[in-house]
Amino acid sequence: MIPYKKIKKLKSSFFISILIIISCTLQAQQVKIDSMLYILKSSKEDTSKVNVLNTICRQYINNGNYKQALQYSEQAKSQAEKLNFKKGMAISFYNFGIIYHNQGN
């Protein structure tokens, strides 16, 4: 039989490992958002900007920040409409659907 102290130590080690993994994942997601925001600042008013806006939106969805996600999806939709970029519009509407679904609306 495994002694109680050893089991307790294994449980705490496992718990700490999980926290580290979660922390690294969240930090990596924030780095991706920061990188995309940097790219957005230098983007021209074209389809690539719509794609960046939709990507930022998806990252905020993944983080559960639906308010920010809605803002970027709206910007992507508006820009895609100006350019008549149907794929960009479709992705932004898809993002709206995910946001509202996750919010229970």
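Please refer to the structure higher up on the page.
Notes on the structure follow.

**Re the overall build of the protein chain**
Okay, so step 1: A tally of regular secondary structure across the protein chain gives four helices and zero strands.
Okay, so step 2: Secondary structure elements of the protein chain occur, N-terminal to C-terminal, as α-α-α-α.
Okay, so step 3: The buried share of the protein chain, reckoned over its 105 residues, is 30%.
Okay, so step 4: Restricting the contact set of the protein chain to residue pairs at least 6 apart, pairs at least 24 apart contribute 53%.
Okay, so step 5: Accessible area for the protein chain stands at about 7,500 Å²; split by element, carbon and sulfur atoms hold 61% of it.

**Remarks on the side chain of lysine 49**
Okay, so step 1: For lysine 49, the position within the fold is in helix H2 (residues 47-63).
Okay, so step 2: Assessed through its relative accessible area of 16%, lysine 49 is described here as buried.
Okay, so step 3: The contact partners of lysine 49, leaving out residues within four places of it in the chain, are Leu40, Ser43 and Lys44.

**A word on H2**
Okay, so step 1: The end-to-end C-alpha distance of H2 is 25 Å, a good match for the 24 Å that 17 residues give at a rise of 1.5 Å each.
Okay, so step 2: Along H2, the residues classified as buried are Lys49, Val50, Val52, Leu53, Asn54, Ile56, Cys57, Gln59, Tyr60 and Ile61.
Okay, so step 3: Glycine 64 sits one or two residues past H2 and shows a positive phi near 80 degrees.

**Some remarks on the pattern of salt bridges**
Okay, so step 1: In the structure shown here, the tally under the stated rule is three salt bridges.
Okay, so step 2: Glutamate 45 is paired through a salt bridge with lysine 49; the nearest N and O atoms lie 2.7 Å apart.
Okay, so step 3: The partly exposed category is assigned to glutamate 45, whose relative accessible area is 46%.
Okay, so step 4: Across the salt bridge formed by glutamate 74 and lysine 77, the nearest N and O atoms sit 3.5 Å from each other. Of this pair, glutamate 74 and lysine 77 both sit in helix H3 (residues 66-83), three residues apart, which is roughly one turn of that helix.
Okay, so step 5: For glutamate 74, a relative accessible area of 36% translates into the label partly exposed.
Okay, so step 6: What makes lysine 77 buried here is its relative accessible area of 14%.
Okay, so step 7: Via salt bridges that share partners, Glu74, Lys77 and Glu81 belong to a single interconnected network.

Definitions and cut-offs
Residues numbered from 1 in each chain as written. Predicted model: local features only at pLDDT ≥ 70, side-chain atom pairs only at ≥ 80, totals over all residues. Heavy atoms only, no water. Helix = DSSP H or I, 4+ residues; strand = E, 2+ residues; numbered from the N terminus. Buried < 20%, exposed > 50% of the residue type's maximum accessible area, 1.4 Å probe, protein only. Contact = heavy atoms within 4.5 Å. Areas by Shrake-Rupley, 256 points an atom, 1.4 Å probe, with all protein chains shown as cover. Expected span 1.5 Å × (residues − 1). Salt bridge = Lys/Arg side-chain N within 4 Å of Asp/Glu carboxyl O.

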